[in-house]
Amino acid sequence: MSDSRFNDVRRFSSIDSTNRYLLDEARAGAPEGVVAVADHQTAGRGRLGRSWEAPPGANLLMSVLLRPDLPANERHLVTAAVALAACDAIESLPRELALAGLVKIKWPNDLVDRTGHKLAGVLAEADLTATAGGPPPVVVGIGINVNWPGPNDDLPPELASTATSLRLQAAGGGEVDREMVLAGVLTELELRVAALANPTGRQGLASDLAAQCTTIGASVRVDLPDGSFEGLATGLTPEGHLVVDVDGAPRTVVAGDVVHVRPRV
Ligand code: BT5
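Residues numbered from 1 in each chain as written. Predicted model: local features only at pLDDT ≥ 70, side-chain atom pairs only at ≥ 80, totals over all residues. Heavy atoms only, no water.

Enquirer: Account for the packing of helix H2 (residues 76-91) against helix H5 (residues 178-195), naming residues and giving values.
Expert: At their nearest, the axes of H2 and H5 sit 8 Å apart, and the two run at 130° to each other. When the interaxial angle is binned, H2 and H5 end up oblique. The two elements H2 and H5 cross, and the hand of that crossing is right-handed. Here Ala-81, Val-82, Leu-84, Ala-85, Ala-86, Asp-88 and Ala-89 of H2 lie close against H5, whose contacting residues are Val-181, Gly-184, Val-185, Glu-188, Leu-189 and Arg-192. A class-by-class count of the residues in the contact of H2 with H5 yields 9 nonpolar, 1 polar and 3 charged. (Axes fitted to C-alpha atoms, helices over the stretch in contact; angles between N-to-C directions. Helix = DSSP H or I, 4+ residues; strand = E, 2+ residues; numbered from the N terminus. Parallel < 35°, antiparallel > 145°, perpendicular 65-115°, else oblique. Left-handed = near helix turned anticlockwise from the far one by under 90°. Contact = heavy atoms within 4.5 Å. Nonpolar A, V, L, I, M, F, W, Y, C, P; charged D, E, K, R; others polar.)

And the structure:
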């Protein structure tokens, strides 16, 4: 990986949040490519003030610092690049784990299994006011449930019905090597982040996102800060935004919470 832009991997046995850490580093001028990985987060962040749970040592908790030079309306493709890299990495895990074909993307930021259980979440946080170190930073964090939840774990009821892990999905039921998943994500990120730099690459990201996106074809409820609506998700725009048909009229959703109300048939 010596020619990779992701060579500076900073490891923490415990930290509040790898996203928080890299945002602070970015504000102080850290360059694109710094990676933070933690065994444990004491204040792991989800979107909209939610939290991300994982016991020490079980899962992959990582963030990368990017400084993409992108039109503002294409910023969702940064989240997509990281989500796709994680899908690619899981797809290329050893064949005996039988994880190929498992993972799909639920728009906008979840990796899910075939039944919609959440395997990973992506959180992109930008500081468009930060002036040190080049183009404004976007820190993208991903939590991948590698070994937790495991077969004997008691989960809070909310997660018990919604979360899964690579371990639970893999053949054999043994532990999955977190370092192998990390190495795979960093390798795949190289290609996916390079694609962000030019229009053709971004087109490729958007079409790969659409191909992996389990939300397309599903009946969805879109929750936005000012209310919610229901419709049929019909596709993605070239910027990676979700198009929802609402009573025959297309509505584009840039960011929001999407709840699948009926599975795709
Ligand atoms: C996300 O938020 O899915 C983004 C999660 C990003 C976590 C990474 S870990 C490394 C980096 N550093 C951070 O501080 N964060 C990033 P959201 O879509 O808002 O989902 C959060 C919700 O998912 C929670 O409210 C729970 O319901 C659920 N949840 C929490 N932990 C989970 C887990 N391990 N597996 C599945 N679901 C979980």
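That was the structure; now back to the text.
Enquirer: Talk me through the packing of aromatic side chains; I want residue IDs and the actual numbers.
Expert: Two measures describe an aromatic ring pair: the distance that separates the ring centres and the angle between the ring planes. This model, assessed by the stated rule, comprises 1 aromatic pair. Looking at Arg-251, its charged tip hangs above the ring of Phe-229, at a distance of 3.9 Å from the centre. (Phe/Tyr/Trp six-rings, centres within 6.5 Å; stacked < 30°, edge-to-face > 60°. Lys NZ or Arg CZ within 6 Å of the ring centre and 35° of its normal.)

Enquirer: If you had to explain helix H6 (residues 199-212) to someone new, which residues and values would you point to?
Expert: Between its first and last C-alpha, H6 extends 20 Å over 14 residues, near the 20 Å set by a 1.5 Å rise per residue. Within H6, the full set of buried residues consists of Gly-201, Arg-202, Leu-205, Ala-206, Leu-209 and Gln-212. One side of H6 holds all its buried residues, which, seen down the axis, span an arc of 140°. Exposed side chains of H6 directed beyond 90 degrees from the buried face belong to Pro-199, Thr-200, Gln-203 and Ala-211. Each element contacted by the buried residues of H6 is listed here: H2, strand S4 (104-106), H5 and strand S9 (227-236). (Expected span 1.5 Å × (residues − 1). Buried < 20%, exposed > 50% of the residue type's maximum accessible area, 1.4 Å probe, protein only. Arc of directions from axis to C-beta.)

Enquirer: Give me the lowdown on unusual backbone geometry, citing residues and values where you can.
Expert: A cis amide bond, omega 5°, links Trp-107 with the succeeding residue Pro-108. Trp-148 connects to Pro-149 through a cis peptide bond whose omega is 0°. In this structure, Pro-149 sits in the loop between strand S7 (138-144) and helix H3 (157-160). One non-glycine residue, Asp-247, lies in positive phi territory at about 50°. As for its placement among the helices and strands, Asp-247 is situated in the loop between strand S10 (242-246) and strand S11 (249-253).

Enquirer: Describe the sheet that holds strand S2 (residues 35-38), with residues and values.
Expert: Taken together, the 7 strands give an open sheet; going across it, the order is S1-S2-S3-S7-S6-S5-S4, and neighbouring strands pair in mixed fashion. In the strand order of this sheet, the two ends are held by strand S1 (9-12) and S4, each with one partner. Direction aside, the axes of adjacent strands within the sheet are offset by 20° on average. The pairing of S1 with S2 spans 4 bridges and is parallel. From the neighbouring strand, Arg-10 faces S2, where its bridge partner is Ala-36. In the packing of helix H1 (residues 18-27) onto the sheet, contacts are made with S1, S2, strand S3 (60-66), strand S6 (118-126) and S7, and the angle to S3 comes to roughly 20°. Strand contacts of H5: S1, S2, S3 and S7, with the helix running at about 25° to S3, the strand carrying the most contacts. (Pairing = 2+ DSSP bridges.)

Enquirer: Please provide a residue-by-residue account of the domain arrangement of the chain, values included.
Expert: As far as domains go, the chain holds domain 1 (9-212) and domain 2 (219-260). Put simply, the middle of domain 1 and the middle of domain 2, counted by C-alpha atoms, are 23 Å apart. With 13 residues of domain 1 at the contact, the number on the domain 2 side is 14 residues. Taking both partners together, domain 1 and domain 2 bury about 1,000 Å²; carbon and sulfur atoms supply 59% of that area. The largest share of the area that domain 1 buries against domain 2 comes from Asn-73, Lys-106 and Trp-107, three residues that together contribute 54% of it. (Domains from an automatic or database assignment. Buried area = accessible area lost by both parts, 1.4 Å probe.)

Enquirer: Account for the environment of Gln-41, naming residues and giving values.
Expert: If you trace the backbone, Gln-41 turns up in the loop between S2 and S3. In sequence terms Gln-41 and Pro-55 are 14 residues apart; their C-alpha atoms lie 8.4 Å from each other. Those residues in contact with Gln-41 that lie beyond four places of it in its chain are Ile-15, Asp-16, Ser-17, Thr-18, Trp-52 and Leu-61.

Enquirer: Break down the site of the ligand for me, with residues and values.
Expert: As a matter of local geometry, the ligand sits amid 29 residues, with Ser-17, Arg-45, Arg-50, Lys-118 and Glu-158 nearest to it. Here Thr-18 contributes a side-chain N or O atom positioned 3.0 Å from a nitrogen atom of the ligand. At a separation of 2.9 Å, an oxygen atom of the ligand approaches a polar backbone atom of Arg-47. Here the ligand has 800 Å² of accessible area as a free molecule, and 94% of this is covered by the chains. Element by element, the count of residues in the shell around the ligand is highest for S6, at 4 residues. Of the residues in the shell around the ligand, the class split is 9 nonpolar, 13 polar and 7 charged. (Near = heavy atom within 4 Å. Polar contact = N/O pair within 3.5 Å; in protein donor to acceptor, adjacent residues only side chain to side chain. Areas by Shrake-Rupley, 256 points an atom, 1.4 Å probe, with all protein chains shown as cover.)

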